[in-house]
Protein chains: 2
Amino acid sequence: METNVTNIIIEKVKKSRISEVDFSNLPFGKVHSDHMLVCDYRDGAWQTPRITPYQGITLDPSAKIFHYGQSVFEGMKAYKDENGKVWLFRPDENQKRLNISSKRISIPELPREIFMDGLKTLVQIEKDWVPTTPGSSLYIRPFVFASGTGLHASPADQYKFFIVCAPSGPYFAGKVRVLIEEKYSRAANGGVGYAKAGGNYAGQFYPTQLAIQKGYQQVIWTDDNTHEYIEEAGAMNIFVRINDTLLTSPVSDRILDGVTRKSVIDIARAEGITVEIRKVRVEELVSASKNGSLKEMFGAGTAAVISPISGFGYRGSDYDLPEMKDSYASLLKKKITDIQYNKADDPFGWRFEVI
Amino acid sequence: METNVTNIIIEKVKKSRISEVDFSNLPFGKVHSDHMLVCDYRDGAWQTPRITPYQGITLDPSAKIFHYGQSVFEGMKAYKDENGKVWLFRPDENQKRLNISSKRISIPELPREIFMDGLKTLVQIEKDWVPTTPGSSLYIRPFVFASGTGLHASPADQYKFFIVCAPSGPYFAGKVRVLIEEKYSRAANGGVGYAKAGGNYAGQFYPTQLAIQKGYQQVIWTDDNTHEYIEEAGAMNIFVRINDTLLTSPVSDRILDGVTRKSVIDIARAEGITVEIRKVRVEELVSASKNGSLKEMFGAGTAAVISPISGFGYRGSDYDLPEMKDSYASLLKKKITDIQYNKADDPFGWRFEVI
């Protein structure tokens, strides 16, 4: 990261709320830290970013975010090591992807230095908010939305970029049972599935609720045309272990290019695990489950890191996965979090020191 | 519509802004009227609606609308006739469709009486804002979005329903040239294309901008799998006239069930026009254009009513449509707007008197 080249206007809180927070019992994403970063786009340019006390946002009722869904976001974490140093994990990847998402949603791309300097400065200010209990972190949410007004269905002329922070415990607890979805879809060919855009998430909630009513916790999305290939696991990328080979679907215009996904691939290969990036048929999972070669399935994403799957439902049948000693899921989660929390060497150069 | 069974709390403006507005030169959807309706969903129920002065909305930065795209809307118009009476057009259809959209986006459905009584009461209060210049109307925008907070990717626990009004001139002026899109898509099979959800619109802006850069004004969406069939025209339904037959694509989970679309179908049939509701191949358009049987194409939607198309681009070639005397587009637009503005009988029972 460059040195701080952005002039950020900083207004600190008069009194921190940090003493009111129970750090031993943090939910995910519900407690906000003292400050936030905000940057406005108007008159064709991103303006000077500001760090201010966390506060409400006032918008006109005709702001386009309320009508036409122009919003993109990122998910990141800050980790505190045993010496109190604070680290980010591959922040460049989030910075680049935010702009990839923005472009697809017709949101003006944000200059790299506003994202990077804003992020670094905000996390430095909020360093005491980074929790230290195992598995916890400061969840960081950069997001951009259309604040410009007008009921005409066209891109807005004003936008707002924010970064907010939430000290958080682990995202999921325990293994999840998943339902392979054959009716509803997450993304179209030529659509916005690869973008971290708000609309992609809203469309997932209803099918997920239906799966929950059937006794599952999450949905495995398949392609919208044939429903023969698995694509994502809820809001995470999907990995499958057959015998000792790790499989994951290739990214496409329907599949998010996950930072955790690509880190898992690199770590697995460094550990000597064979990784195949290819389309995976549902039928392959079913027959591998039947002949005992299906060993593991898990989701990978920033919030949950690795979310192990205990079994899947498909066409009215349930397929249980075995309990694995020395699972890839635990190995890979330990390897990736050890890098994140500065408990291990970082041969990939992924760790980024904040303060 | 029932009599007003909803207790609506009404707070009127101290001084109307109406004298500041140039009603002879209204843009589309940029001028707001004095009041708006707002209704909150919390504690598992929709609360008492309020009509208040039009004002800003203040939300927490973690409100789910900013992150997960939970938003749906409707588009409607109020029309003033020569005697000063104010009318709506098939408001029941918008009321039903809002809930169809909401269900798909995991937004709690709004009780019918809140929508209908709220709409009627608000338009009654804003009756002086309904413009009278030809082609103009009071554009009405009901919308719902997630105001509940939290960074977890799950449905919100609080929502807001609004109705805002904008005295507006015509949406489009003149014929448009369209590009038949073969790379980008609007909707997935099993997706949210049939819902009037914000995310559907955000995803259309970028491909539309690319088409504009190529010299077109609008995109014709095709199916995301084969791109062989036309589905929608920008944010409107699509109609094609081949010889004297009017064709339109069937609604599906990818295509919006447009109120103007179904009204056009009924009026056309009442006029003795043969209407075929079936999938229409791009190749059929191309060969019909070549042999002279392609007479007209137009979009149909609430905002523009009928938006005639002057020609289409496909795979690098441009196909011009003929200038038609006695076009279906003008006939159908006149018939539908004559009903809307109470200039003709209403054999279908579509007109609804507000005041």
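The shown structure was predicted, so the numbers you read here are calculated from the model rather than taken from an experiment.

(A) Local environment of the overall build of chain A. Looking only at helices and strands, chain A has seven helices and 21 strands in total. Relative to its length of 355 residues, chain A is compact, with a C-alpha radius of gyration of 21 Å against a globular reference of 20 Å. Projected onto the principal axes, the alpha-carbon positions of chain A cover approximately 60 × 55 × 35 Å. Counting all 355 residues of chain A, 61% fall into the buried class. Intrachain contacts of chain A at a sequence separation of at least 6 include 72% that bridge at least 24 residues. Counting only carbon and sulfur atoms, one obtains 46% of the accessible surface of chain A, whose full area is about 13600 Å². Computing the positive centroid from 44 side-chain charges and the negative centroid from 43, chain A places the two 1 Å apart.

(B) Looking closely at the UniProt feature "modified residue: N6-(pyridoxal phosphate)lysine" (unreviewed entry) in chain A. Residue and element names in this part refer to chain A. UniProt tags Lys196 as "modified residue: N6-(pyridoxal phosphate)lysine" (unreviewed entry). Tracing the chain through its elements places Lys196 in the loop between strand E11 (176–180) and helix H4 (198–213). Contact partners of Lys196, with chain neighbours within four places excluded, come to Ser71, Val72, Phe73, Glu74, Gly75, Arg97, Ser101, Tyr201 and Leu256.

(C) Inspection of the pattern of salt bridges at higher detail. Residues and elements named next belong to chain A. Summed over the entire model, instances satisfying the criterion amount to 46 salt bridges over all chains. The salt bridge involving Asp40 is made with Arg42; its shortest N-O contact spans 3.7 Å. Classification of Asp40 as buried rests on a relative accessible area of 13%. Residues Lys175 and Glu323 are paired through a salt bridge, measuring 3.6 Å at the closest nitrogen-oxygen approach. You can see Lys175 sitting in the loop between strand E10 (159–168) and E11 and its partner Glu323 sitting in the loop between strand E20 (317–320) and helix H7 (328–340), a full 148 residues away along the chain.

(D) Structural view of the environment of Thr208(A). All names here are of chain A. Residue placement: Thr208 occurs in helix H4. Between the C-alpha atoms of Thr208 and Val178, which are 30 residues apart in sequence, the distance is 9.6 Å. With residues near it in sequence (within four places) discarded, Thr208 still touches Gln217, Gln218, Val219 and Trp221.

(E) Focus on the pairing of strand E16 (residues 274–277) of chain A. Residues and elements named next belong to chain A. The sheet contact formed by strand E15 (residues 245–248) and E16 spans four bridges and is parallel. Each residue of the ladder has a partner; that of Thr245, found in E16, is Thr274. Traced from E15 through helix H5 (residues 259–270) to E16, the parallel crossover comes out right-handed.

(F) How the structure looks around the relation of the copies chain A and chain B. In the superposition of chain A on chain B (RMSD 0.0 Å, axial shift 0.0 Å), the rotation amounts to 180 degrees. What we have between these two chains is a two-fold relation. Mapped onto chain B, 100% of the interface residues of chain A again fall at the interface, so both copies present the same surface.

(G) A look at the interface of chain A and chain B. Tallying the contact residues gives 57 residues for chain A and 57 residues for chain B. Between chain A and chain B, a total of about 4900 Å² is buried, with carbon and sulfur atoms accounting for 60% of that surface. Taken together, chain A and chain B are joined by zero salt bridges. Seen at the junction of chain A and chain B, the total is 26 residue pairs in polar contact (both at pLDDT 80 or more). Mapped onto the side of chain A that touches chain B, the elements with two or more residues apiece are strand E5 (57–59), helix H1 (65–68), strand E6 (71–73), helix H2 (91–104), strand E9 (137–146), E10 and H4 of chain A.

(H) Up close: the domain arrangement of chain A. All names here are of chain A. Taken domain by domain, chain A consists of domain 1 (9–168) and domain 2 (176–340). On a C-alpha basis, the centroid separation for the pair domain 1 and domain 2 is 27 Å. The interface is formed by 19 residues belonging to domain 1 together with 21 residues belonging to domain 2. Summed over both partners, the interface of domain 1 with domain 2 buries about 1700 Å², with 59% contributed by carbon and sulfur atoms. Notably, a salt bridge pairs Glu93 with Lys262, separated by 2.9 Å at the nearest N-O pair. Counting only elements with at least two residues in the side of domain 1 that touches domain 2, the list comes to E6, strand E7 (76–80), strand E8 (86–89) and H2. In terms of residue count, the dominant contributor to the side of domain 1 that touches domain 2 is H2 (six residues). Counted by class, the side of domain 1 that touches domain 2 contains nine nonpolar, four polar and six charged residues.

(I) The arrangement of H2(A) in detail. With 14 residues, H2(A) should reach 20 Å at 1.5 Å per residue; the first-to-last C-alpha distance of 21 Å fits that figure. Just downstream of H2(A), Ser106(A) is the residue with a positive phi angle, here 60 degrees.

(J) Structural context of unusual backbone geometry. All names here are of chain B. Despite not being glycine, Ser106 shows a phi value in the positive range, around 60 degrees. Positive phi, close to 55 degrees, is recorded for His227, a residue that is not glycine. Along the polypeptide, His227 turns up in the loop between strand E12 (218–222) and strand E13 (229–233).

(K) A look at the packing of helix H2 (residues 91–104) of chain B against helix H3 (residues 112–125) of chain B. Residue and element names in this part refer to chain B. Relative to each other, H2 and H3 sit at 140 degrees, their axes nearing to 10 Å. Classified by the interaxial angle, the pair formed by H2 and H3 is oblique. Remark: the crossing between H2 and H3 carries right-handed chirality. Residues Pro91, Asp92, Asn94, Gln95 and Leu98 of H2 lie in contact with H3, whose contacting residues are Arg112, Phe115, Met116 and Leu119.

(L) Summary view of the environment of Val72(A). All names here are of chain A. By secondary structure assignment, the location of Val72 is in strand E6. The exposure class assigned to Val72 is buried, which follows from its relative accessible area of 0%. Distance from Val72 to Pro170, taken between C-alpha atoms, is 23 Å for residues 98 residues apart in sequence.

(M) Seen up close, helix H7 (residues 328–340) of chain B. All names here are of chain B. Its 13 residues place the ends of H7 18 Å apart at the C-alpha level, agreeing with the 18 Å of an ideal helix rising 1.5 Å per residue. Looking at H7, one finds that the buried residues are Tyr328, Ala329, Leu332, Ile336, Thr337, Asp338, Ile339 and Gln340. Note on H7: the residue one or two positions beyond its end, Asn342, has a positive phi of about 55 degrees.

(N) View of empty space enclosed by the protein. Enumeration according to the criterion identifies five cavities of 30 Å³ or more in this entry. Lining the largest cavity are 25 residues, and of these Val192(A), Asn200(A), Arg186(B), Val192(B) and Asn200(B) sit closest to its centre. Broken down by secondary-structure element, the contributors of at least two residues to the lining of the largest cavity are H4 of chain A together with helix H4 (198–213) of chain B. It is H4(B) that contributes the most residues to the lining of the largest cavity, five residues altogether. Per-class residue counts for the lining of the largest cavity are nine nonpolar, 13 polar and three charged. Volume-wise, the second largest cavity comes out at about 100 Å³. Every residue lining the second largest cavity is listed: Gly75(B), Met76(B), Lys77(B), Tyr79(B), Leu88(B), Phe89(B), Asn94(B), Val259(B), Thr260(B), Thr302(B) and Gln340(B). Among the secondary structure elements, those contributing two or more residues to the lining of the second largest cavity are strand E7 (76–80), strand E8 (86–89) and helix H5 (259–270) of chain B. Per-element tally for the lining of the second largest cavity: the top contributor is E7(B), with three residues. By residue class, the composition of the lining of the second largest cavity is five nonpolar, five polar and one charged. Summarising the domain contributions, the lining of the second largest cavity has at least three residues from each of domain 1 (9–168) and domain 2 (176–337) of chain B.

Cut-offs and rules
- Each chain carries its own residue numbering, running from 1 in the direction its sequence is written.
- Labels follow written order: the first chain is A, the first ligand is 1, and so on.
- Predicted model: local features are reported for residues with pLDDT of at least 70 only, side-chain atom pairs are reported and counted for 80 or more only, and whole-chain, interface and lining totals are derived from all residues.
- In computing side-chain properties, one takes all heavy atoms of the structure into account and sets aside hydrogens as well as water.
- Numbering of helices and strands runs from the N terminus; a helix is a DSSP stretch of H or I covering at least four residues, while a strand is a stretch of E covering at least two.
- The globule rule is 2.2 Å times the number of residues to the power 0.38, and the radius of gyration it is compared with is taken over C-alpha atoms.
- Each residue gets one of three labels from its accessible area relative to the maximum for its type: buried under 20%, exposed over 50%, partly exposed in between, using a 1.4 Å probe on protein chains only.
- Contact between two residues is taken to exist if any of their heavy atoms lie within 4.5 Å; hydrogens are not considered.
- Note that accessible areas follow from Shrake-Rupley with a 1.4 Å probe, and for residues the cover is restricted to the protein chains shown.
- In this tally Asp and Glu are treated as negative and Lys and Arg as positive; neither His nor the chain ends contributes.
- One atom stands in for each charge, and that atom is NZ of Lys, CZ of Arg, CG of Asp or CD of Glu.
- UniProt positions are given in the numbering used here, feature names are shortened, and annotations may be inferred rather than shown by experiment.
- The salt bridge definition used is simple: a Lys or Arg side-chain nitrogen within 4 Å of an Asp or Glu carboxyl oxygen.
- Paired strands, as defined in this entry, are two strands with at least two bridges between them according to DSSP.
- Looking down the strands as they point away from you, a crossover is right-handed if its path from the first strand over the helix to the second goes clockwise.
- The superposition of copies rests on a least-squares fit of C-alpha positions from residues with pLDDT of 70 or more in both.
- Buried area is a sum: the accessible area each of two parts loses on coming together, probed at 1.4 Å, counted once for each and added.
- Any pair of N or O atoms that falls within 3.5 Å is considered a polar contact. Within protein, one atom must be able to donate a hydrogen and the other to accept it, and sequence-neighbouring residues count only if both atoms are side-chain atoms.
- Note that the domain bounds were set by an automatic or database domain assignment.
- Charged means Asp, Glu, Lys or Arg here, nonpolar means Ala, Val, Leu, Ile, Met, Phe, Trp, Tyr, Cys or Pro, and polar covers whatever is left, Gly included.
- Given the number of residues in a helix, its expected span is that number minus one, multiplied by 1.5 Å.
- To obtain an axis, a line is fitted to C-alpha atoms, over the contacting stretch when the element is a helix, and the angle between two such axes runs from 0 to 180 degrees between their N-to-C directions.
- With respect to orientation, any angle under 35 degrees is reported as roughly parallel, any angle over 145 as roughly antiparallel, any angle of 65 to 115 as roughly perpendicular, and every other angle as oblique.
- We call a crossing left-handed when the near helix sits turned anticlockwise from the far one by less than a right angle, and right-handed when that turn is clockwise.
- Lining residues are those with an atom within 4 Å of a point, where the points come from a 1 Å grid over the protein atoms alone and group into cavities, where a 1.4 Å probe fits but cannot get out, or pockets, open sets with protein on both sides within 12 Å along at least five of seven lines.
- Grid points are joined across faces, edges and corners, and a volume is the space filled by probe spheres set on the points.

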